[in-house]
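Observations on chain architecture
What follows is each chain in one-letter form.
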Amino acid sequence: QHADTATSTSKKEGSNKYTFFHESMKLDLRRKMDLEKGMRRALENQEMSLCYQPQVFAKTAENRGVEALLRWHHPVFGSVSPYEFIQVAEESGQILAIGEWVLSKACEKLAEFNDHQPHKLTMSVNVSTLQLRSRGFVEMVKKYVKKHKINPSFLELEMTESVFIHSFDEAVTILNELREIGVKISLDDFGTGFSSLSYLRHLPINTLKIDKAFVQGMETDKDTEIMIDSVITMAHNMNLDVIAEGVENEWQLQAMKRYECDMVQGYHISHPLTEEMLGKYFEKKNDENS
Ligand code: C2E
Ligand code: MG
Ligand code: MG
Ligand code: MG
């Protein structure tokens, strides 16, 4: 028996490998299809919700605002990460409907928050590249700003550098139209994309968000620290505000203060919170400051 298998090893191994590869691809595809299908009903079944992660000024620890982060509780799979389902939503085009829901909900909440807050807060909303480039996006933003009577300068749209990959000029035109409405633009995950520092000056943006990989790499890697220092200095020279994301400990917070990073966000400040938890977070903060 042994001898038998030995003679046909290479062929068998080859085909086994192929089969194995094939099976795992099938599982992957299966899950994607299930997610895509489930997504069609997710909004009407109220499986999706927003949570909000506080952003604070580095120097004073005062509230700057929150980032709206989408959550999906699938009836079978349970909680699915946006890192996974946003991609599926983009591939299937469902990101347009989901993105509109996110924007509408975030604007509604922003109006509510700022009615009750002594200091006005900024609401950051993630916008996917597909959504930004979709027809009527600027009009849609206008519509929800008007509907909820919000001051547009407290609404910030977060996008990644991928927005600029295909047609740079077209993207810049859309961003300029958005800025005419008065909303702010933030460049998310900075440092992970095709970032060249010099191209930044050509972008109509207000805020630079340093990716958490850099914030977290800084502790063990001197080069990363030097890079963050120079990115912040350069951003300030271009009149951009800087947010560090993924701040998980006191050391990272102190380093960001040292480099005069304007704002910080991360588990060390607060995890993303449900609406209810956020209310309590604000109450506690207001008590501390009075
Ligand atoms: P992002 O916009 O870069 O958001 C930051 C992510 O880092 C969030 O993950 C947040 O929960 C997580 N995070 C915050 N603080 C820390 C920390 O201290 N340490 C670590 N390790 N992680 C931290 P989340 O909520 O899973 O979202 C993942 C990504 O999915 C987001 O990355 C964003 O690109 C996308 N996303 C989330 N909500 C939306 C949405 O409404 N629309 C679109 N288009 N994309 C969204
Ligand atoms: Mg973001
Ligand atoms: Mg980010
Ligand atoms: Mg991101």
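Summary of the structure given here. (Residues numbered from 1 in each chain as written. Chains lettered and ligands numbered in written order. Predicted model: local features only at pLDDT ≥ 70, side-chain atom pairs only at ≥ 80, totals over all residues. Heavy atoms only, no water.)

**Some details on helix 6 (residues 137-147)**
What helix 6 keeps buried is the set Phe137, Val138, Met140, Val141, Tyr144 and Val145. All buried residues of helix 6 fall inside an arc of 160 degrees around its axis, so they share one side. Residues of helix 6 that are exposed and point over 90 degrees away from its buried face: Lys146 and Lys147. Immediately downstream of helix 6, the backbone of Lys149 shows phi near 50 degrees, a positive value. (Buried < 20%, exposed > 50% of the residue type's maximum accessible area, 1.4 Å probe, protein only. Helix = DSSP H or I, 4+ residues; strand = E, 2+ residues; numbered from the N terminus. Arc of directions from axis to C-beta.)

**Structural notes on the coordination of the magnesium ion (ligand 3)**
Within the protein, Asp188 (OD), Asp189 (OD), Glu245 (OE) and Glu245 (OE) serve as the donor atoms for the magnesium ion (ligand 3), at 2.1 to 2.5 Å. Written as a sequence motif, the donor residues of the magnesium ion (ligand 3) are D-D-x55-E. When its relative accessible area of 8% is taken as the criterion, Asp188 is described as buried. (Donors = N, O, S within 2.8 Å, 3.2 Å for Na, K, Ca; no water.)

**Quick word on the site of ligand 1**
The immediate surroundings of ligand 1 are formed by 23 residues, with Arg71, Asn126, Asp188, Glu248 and Tyr267 found nearest. Between ligand 1 and Glu245, the relevant distance is 3.4 Å, taken from an oxygen atom to a side-chain nitrogen or oxygen of the residue. Backbone polar atom of Tyr267 to an oxygen atom of ligand 1: 2.8 Å apart, as the coordinates give it. Across the complex, the protein chains shield 88% of the 800 Å² of accessible surface that ligand 1 would expose by itself. Mapped onto the shell around ligand 1, the elements with two or more residues apiece are strand 2 (63-74), helix 3 (82-92), strand 6 (184-190) and helix 8 (212-217). Ranked by the residues each element gives to the shell around ligand 1, the list is headed by strand 2, at four residues. In terms of residue class, the shell around ligand 1 is built from nine nonpolar, six polar and eight charged. (Near = heavy atom within 4 Å. Polar contact = N/O pair within 3.5 Å; in protein donor to acceptor, adjacent residues only side chain to side chain. Areas by Shrake-Rupley, 256 points an atom, 1.4 Å probe, with all protein chains shown as cover. Nonpolar A, V, L, I, M, F, W, Y, C, P; charged D, E, K, R; others polar.)

**Digging into the pairing of strand 6**
Of all seven residues in strand 6, five are buried; the element is thus mostly enclosed. Bridge count between strand 5 (residues 155-159) and strand 6: four bridges; the pairing is parallel. Its bridge partner lying in strand 6, Leu157 is registered against Ile185. With helix 7 (residues 168-181) bridging strand 5 and the parallel strand 6, this β-α-β connection has right-handed handedness. The pairing of strand 6 with strand 7 (residues 207-210) spans three bridges and is parallel. (Pairing = 2+ DSSP bridges. Right-handed = clockwise from strand over helix to strand, strands pointing away.)

**With respect to the nonpolar core**
Core analysis: the largest hydrophobic core is formed by 81 residues, its most contacted members being Met123, Val141, Leu155, Leu157 and Leu178. Residue contributions to this core peak at nine residues, all from helix 4 (residues 95-116). Ignoring any residue separated from it by four or fewer positions in sequence, one finds Leu155 in contact with Cys107, Leu110, Met123, Val125, Val141, Val145, Ile150, Val183 and Lys184. (Core = buried A, V, L, I, M, F, W, Y, C linked by side-chain atoms within 4.5 Å. Contact = heavy atoms within 4.5 Å.)

**Focus: the coordination of the magnesium ion (ligand 2)**
Here the magnesium ion (ligand 2) is held by the protein donor atoms Glu67 (OE), Asn126 (OD1), Glu158 (OE) and Asp188 (OD), which lie 2.0 to 2.3 Å from it. Considered as a linear motif, the donors of the magnesium ion (ligand 2) on their single chain read E-x58-N-x31-E-x29-D. A spacing of 4.1 Å is found between the magnesium ion (ligand 2) and the magnesium ion (ligand 3), which share Asp188 as a donor. In this pair, Asn126 sits in strand 4 (residues 122-126) while Glu158 sits in strand 5, placing the two residues 32 residues apart along the sequence.

**Quick word on the packing of helix 6 against helix 7**
With their axes 10 Å apart at the nearest point, helix 6 and helix 7 run at an angle of 15 degrees to one another. By the criterion of interaxial angle, the relationship of helix 6 to helix 7 is roughly parallel. With respect to the hand of their crossing, helix 6 and helix 7 are arranged in right-handed fashion. For the pair formed by helix 6 and helix 7, the contact residues are Phe137, Val138, Val141 and Lys142 on the first element and Ile174, Glu177, Leu178 and Ile181 on the second. (Axes fitted to C-alpha atoms, helices over the stretch in contact; angles between N-to-C directions. Parallel < 35°, antiparallel > 145°, perpendicular 65-115°, else oblique. Left-handed = near helix turned anticlockwise from the far one by under 90°.)

**A few points about unusual backbone geometry**
Note: most residues except glycine have negative phi, and most peptide bonds are trans. In this structure, Asp189 is a non-glycine residue whose phi angle is positive, near 55 degrees. Examined against the element boundaries, Asp189 turns out to sit in strand 6. Among the residues examined, Asp189 registers a relative accessible area of 23% and is labelled partly exposed.

**A look at the pattern of salt bridges**
Within the structure shown, the criterion is met by 18 salt bridges. In this structure, Glu100 and Lys143 form a salt bridge, with 3.7 Å as the shortest nitrogen-oxygen distance. With Glu100 in helix 4 and Lys143 in helix 6, this residue pair connects regions lying 43 residues apart in the sequence. Put simply, Glu276 and Lys280 hold a salt bridge, and the shortest N to O gap is 3.8 Å. Of the two residues, Glu276 and Lys280 are both situated in helix 11 (residues 275-288); the distance of four residues between them amounts to about one turn of the helix. (Salt bridge = Lys/Arg side-chain N within 4 Å of Asp/Glu carboxyl O.)

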